[in-house]
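Summary of structural features
Each chain is listed here by its residues.
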Amino acid sequence: MSVISTIEQLEALYGLPGETSLVKELDHIIPEYAAFIEASPFVSLATCGPEGLDCSPRGDLAGFVRIHDPRTLMMPDRRGNNRADSLKNIIRDPRVALLFLVPGSGTTLRVNGRARISIDAELCASFTVEGKPARSVTVIDVDAVYFQCARAIVRSDLWNPERHVDAKLLPTPGQILAVTSRASIDGETYDREWPERAKTSMW
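The notes below deal with the structure included here. Please read all numbers here as calculations on a predicted model, not as lab measurements. Position numbers for residues count from 1 along each chain, tracking the sequence in the order it is written. Local features are withheld for residues below a pLDDT of 70 in this predicted model, meaning they are given only at 70 or higher, and side-chain atom pairs are given and counted only at 80 or more; totals for whole chains, interfaces and linings count all residues. With hydrogens and water set aside, each side-chain value is computed from the structure's full complement of heavy atoms.

1. Re the nonpolar core
Ranked by size, the top nonpolar core spans 21 residues in total, and within it Val65, Leu73, Leu98 and Phe100 carry the most contacts. In terms of residue count, the dominant contributor to this core is strand E7 (residues 136-148) (four residues). Contacts between residues were defined by any pair of non-hydrogen atoms, one from each residue, lying within 4.5 Å. Not counting chain neighbours up to four residues away, the residues in contact with Leu98 comprise Val43, Ser44, Leu45, Met75, Leu109, Arg110, Val111 and Ile140. Joining through side-chain atoms within 4.5 Å is the link that ties buried Ala, Val, Leu, Ile, Met, Phe, Trp, Tyr and Cys residues into a set, and such a set is a nonpolar core. We call a residue buried when its accessible area falls under 20% of the maximum for its residue type, exposed when it is over 50%, and partly exposed in between, using a 1.4 Å probe and counting protein chains only. If you look at the next biggest cluster of nonpolar residues, it comprises seven residues, including Met74, Leu123, Ala134 and Val139. Put simply, DSSP H or I for four residues or longer makes a helix, DSSP E for two residues or longer makes a strand, and each gets a number counted from the N terminus.

So this is what it looks like as structure tokens:
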């Protein structure tokens, strides 16, 4: 197997980035980038820690990631499974990366920065939904923000309903848990109770 082991080898293969790839990167949020953040109901949050890397989905009503100012984002944390992998990583290494998706748009928005976790009561209360405040708020200092070209979204045909996978063709969470727990978890019961449990734990 031939392996690339130096930056020089990589650049020889791919070439150097063009002007448009460089000028789009800023250290603050401009109105044009804010439009994507405010329209996005979903973001992937990447963190790193002593145990390795983590990439976690975050979703809520569109615009749930708040633009506090051009260099600061705030993201509420809701009830979940309490693994808190991302939050544990942030405590030990503040570096984070976010990838915002907007349904129907081929353009994604990337943000790199440094994060801290706030449990300020007033701040958490400002993210209240359905009468429940955020459990904590991840405050992100922006280091870099730029849009990502649409090629990956176009190639994947992500938003095309005709390409959506029938959920019946995939294993359910309960079926997976039954296998990974060696049947100590009743998968059928888990799947049956999940819709109601999701309602009570979302916010």
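2. Observations concerning the pattern of salt bridges
By convention in these notes, a salt bridge is any Lys or Arg side-chain nitrogen within 4 Å of a carboxyl oxygen on Asp or Glu. In this structure the tally under the stated criterion is nine salt bridges. Two residues, Arg92 and Glu51, come together in a salt bridge whose shortest N-O distance is 3.0 Å. On the criterion of sequence distance, the pair formed by Arg92 in helix H4 (residues 85-92) and Glu51 in the loop between strand E1 (42-49) and strand E2 (52-59) is long-range, its members being 41 residues apart. Arg92 gets classed as partly exposed once you look at its relative accessible area, which sits at 42%. We note a salt bridge from Arg78 to Asp60, for which the minimum N-O separation is 3.1 Å. Of this pair, Arg78 sits in the loop between strand E4 (72-77) and H4 while Asp60 sits in the loop between E2 and strand E3 (66-69); the two residues are 18 residues apart in sequence, bridging distant segments of the chain. A single burial state applies to Arg78 and to Asp60, both of which are buried.

3. Notes on the sheet that holds strand E5 (residues 95-101)
Pairing is antiparallel across the open sheet formed by seven strands, whose spatial order is E2-E1-E5-E6-E7-E4-E3. This sheet does not close on itself; its edge strands, each paired only once, are E2 and E3. Sheet twist, expressed as the average angle between the axes of neighbouring strands with direction ignored, equals 35°. Pairs of strands are assigned from DSSP output, requiring at least two bridges between the strands. Pairing of E1 with E2 involves eight bridges; the strand directions are antiparallel. In the sheet register, Thr47 faces E2, and the bridge partner there is Asp54. For helices, the axis comes from a line fit to the C-alpha atoms of the stretch in contact; other axes are also lines fit to C-alpha atoms, and the angle between any two N-to-C directions lies between 0 and 180 degrees.

4. Concerning the layout of surface pockets
One number sums up the size of the largest pocket: a volume of about 1100 Å³. Think of a 1 Å grid over just the protein atoms. A cavity is a set of points where a 1.4 Å probe fits yet cannot get out, a pocket is an open set with protein on both sides within 12 Å along at least five of seven lines, and lining residues have an atom within 4 Å of a point. Surrounding the largest pocket, 34 residues form its lining, Arg58, Arg78, Arg79, Gly80 and Asn81 being those nearest its centre. Of all the secondary structure elements, the ones that give two or more residues to the lining of the largest pocket are E2, E4, H4 and helix H8 (187-201). Residue polarity is assigned by list, with Asp, Glu, Lys and Arg as charged and Ala, Val, Leu, Ile, Met, Phe, Trp, Tyr, Cys and Pro as nonpolar; anything else, Gly included, falls into the polar class. Of the residues belonging to the lining of the largest pocket, the class tally is 14 nonpolar, nine polar and eleven charged. Grid points are joined across faces, edges and corners, and a volume is the space filled by probe spheres set on the points. Volume-wise, the second largest pocket comes out at about 190 Å³. Together, Pro17, Gly18, Thr20, Ser21, Lys24, Tyr146, Gln148, Cys149 and Arg151 line the second largest pocket.

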